[in-house]
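Topology and contacts: notes
Residues per chain are reported as follows:
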Amino acid sequence: MAGKKLPLPEEELMDPGHVGCLGCGGCHAMRYTLKATGPRTIISIPACCWAVMPGVYPNTCFNIPHINTAFEVTAASISGIRAALDARGIEDITVLGWAGDGGTADIGIQALSGMVERGTKAMYIMYDNEAYMNTGIQRSSSTPIGAWTTTTQVGKVRDYKRAPKKNMVEIMVAHGIPYTATANIAWPKDLIAKVKKAMAVDGPSFIHIFAPCPTGWRYPPDRTLEIARMATHAKIFPLYEVENGVYTVKKFKKEASISEYMMMQGRFRHLTQEEIGSISESVVRWYDKLLKFELMTQEE
Amino acid sequence: MDRPRKDERPDYKTWKDIPLTPVCNFTTIKGNPTGGWRTFRPIVDMDKCIKCGICWQDCPDAAIVWEEDHPVWLYSHCKGCGICARECPSDAIEMELEVKI
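Residues numbered from 1 in each chain as written. Chains lettered and ligands numbered in written order. Predicted model: local features only at pLDDT ≥ 70, side-chain atom pairs only at ≥ 80, totals over all residues. Heavy atoms only, no water.

1. Re the overall build of chain B
A count of helices and strands for chain B gives two helices and five strands. For chain B, the succession of helices and strands along the chain, N to C, is β-β-α-β-β-α-β. By the burial criterion, 33% of the 101 residues in chain B qualify as buried. Nonlocal contacts in chain B, meaning residues at least 24 apart in sequence, comprise 62% of its contacts between residues at least 6 apart. Carbon and sulfur atoms make up 56% of the accessible area of chain B, which totals about 6900 Å². (Helix = DSSP H or I, 4+ residues; strand = E, 2+ residues; numbered from the N terminus. Buried < 20%, exposed > 50% of the residue type's maximum accessible area, 1.4 Å probe, protein only. Contact = heavy atoms within 4.5 Å. Areas by Shrake-Rupley, 256 points an atom, 1.4 Å probe, with all protein chains shown as cover.)

What follows is the structure in structure tokens.
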């Protein structure tokens, strides 16, 4: 390219023609991640949206080797790929496990826990669309409190999700993982920097990527990045990284209101102002805790 | 189909004995024209365009390619989500309803 510099690396490892929905946040996540890892990557994908989106065999939208695995074995499969590469003496390949929130926080958690405990050098990315979107918007443990899904219906009886969202990054921190971070598709440069950092780590690394889903969250497809940006500005999804136990929180001057973020999405439409108030209290409490963690671990 | 008898089966002792098997070939899915999904077509006004590359960066389908110094839409693959039009800092992109044939 001549003239002006593009904001991101130019190499495109994800081709157009995949069958993701209009305005899919998972596609942004995949595209930016592959721009960061480069062509020397092997990707393992369990059942999730991305198991369907690359296309029907023998077609694929990836220009890298790609394995489809069973739901619960993503981390086990990347451990195996790493062991095979070690046996052949190949060191320059990034091994990437790519799963949705159901495949990570619900079904794949024991394999992931085992991989992190063994200290396998592999990268695991969870792209979080906050429900089982591929099978039709069923509740997962990563669905936020108050959300409507097809298994937590809101009609005459308001049976919305009562349990809070499972915090995967904190579970990873409890394992003593060398590098873990949260990233958001609305900040692609930050996302790419975090993936590059995770590649350089000699051991397991885990990244939690926030990927809004227009179909399941009930909002128009052109607002994907706006909603992603708003979630971080409203502190619902704080961006932070934990390197060997040391927290670094990315701070933003701009703030957004939680009720505005929730009212933009159809899945929160049924909530009353009081319910939103109690949710925002817990959000603020967690963010303050995070800042305290940062202060405490940075001083050491 | 009959299973081969035990003495006819290949005798693999370690992974090194297994013959090389292709696990994936690189047939690209570019031939899948997802452009037919589109309801709204992004039209760019090149006079307003400041060539920042934000539309190229934010396209979830990688359906915007950067040629020389300006974006080009692959209408064969653009699904018409409208993210480029919303994120454009100079409002150079308009979403227009596809014309009925």
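2. Focus on the sheet that holds strand S3 (residues 66-68) of chain A
Residue and element names in this part refer to chain A. With mixed pairing, the eight strands of this open sheet are ordered in space as S3-S1-S4-S5-S7-S6-S8-S9. In this open sheet, the two strands that pair with only one neighbour each are S3 and strand S9 (246-249). Looking at each pair of strands side by side, their axes are set apart by 20° on average, direction ignored. Across six bridges, the pairing between strand S6 (residues 179-184) and strand S7 (residues 205-210) is parallel. For Ala 181, the partnering residue across the bridge sits in S7 and is Ile 207. (Pairing = 2+ DSSP bridges. Axes fitted to C-alpha atoms, helices over the stretch in contact; angles between N-to-C directions.)

3. Some points on unusual backbone geometry
Negative phi values dominate among residues other than glycine, just as trans dominates among peptide bonds. Within the chain, Lys51(B) stands out as a residue other than glycine whose phi angle is a positive 55°. Structurally, Lys51(B) can be placed in the loop between strand S2 (40-44) and helix H1 (54-58).

4. A few points about the pairing of strand S1 (residues 41-45) of chain A
Consecutive side chains along a regular strand alternate between the two faces of the sheet. All names here are of chain A. Most of S1 sits out of view: five of its five residues are buried. Here S1 shows a buried face lined by Thr 41, Ile 43 and Ile 45 and a second buried face lined by Ile 42 and Ser 44. The pairing of S1 with strand S4 (residues 94-100) spans four bridges and is classified as parallel. The partner of Thr 41 across the bridge, within S4, is Thr 94.

5. Description of the interface of chain A and chain B
The figure often quoted for interface size is the accessible area lost as the parts come together. Each partner contributes residues to the interface: chain A has 46 residues there, and chain B has 34 residues. Summing both sides of the interface, chain A and chain B together bury roughly 3400 Å²; the carbon and sulfur share of this comes to 58%. Interface area lost by chain A to chain B is led by Pro16(A), Arg31(A) and Asp222(A), which between them contribute 18%. Where chain A meets chain B, there are three salt bridges. Arg229(A) serves as the salt-bridge partner of Glu87(B), at 2.8 Å between the closest nitrogen and oxygen. (Buried area = accessible area lost by both parts, 1.4 Å probe. Salt bridge = Lys/Arg side-chain N within 4 Å of Asp/Glu carboxyl O.)

6. A short note on the confidence of the model for chain B
Summarising the model, chain B shows a mean pLDDT of 85, and 87% of its residues fall at 70 or more. Element-level pLDDT for chain B is lowest in strand S1 (residues 27-28) of chain B, with a mean of 62, against a maximum mean of 94 in helix H2 (residues 83-87) of chain B. (pLDDT = per-residue confidence, 0-100.)

7. Section: the packing of helix H1 (residues 25-37) of chain A against helix H7 (residues 188-200) of chain A
All names here are of chain A. Running from N to C, H1 and H7 point in directions that differ by 45°, and their axes come no closer than 9 Å. On the basis of their axis angle, the class for H1 and H7 is oblique. Crossing geometry of H1 relative to H7 is assigned as right-handed. Where H1 approaches H7, its residues Tyr 32, Thr 33, Lys 35, Ala 36 and Thr 37 are matched on the opposing element by Pro 188, Leu 191, Ile 192, Val 195, Lys 196 and Met 199. Partitioning the contact of H1 with H7 into residue classes produces seven nonpolar, two polar and two charged. (Parallel < 35°, antiparallel > 145°, perpendicular 65-115°, else oblique. Left-handed = near helix turned anticlockwise from the far one by under 90°. Nonpolar A, V, L, I, M, F, W, Y, C, P; charged D, E, K, R; others polar.)

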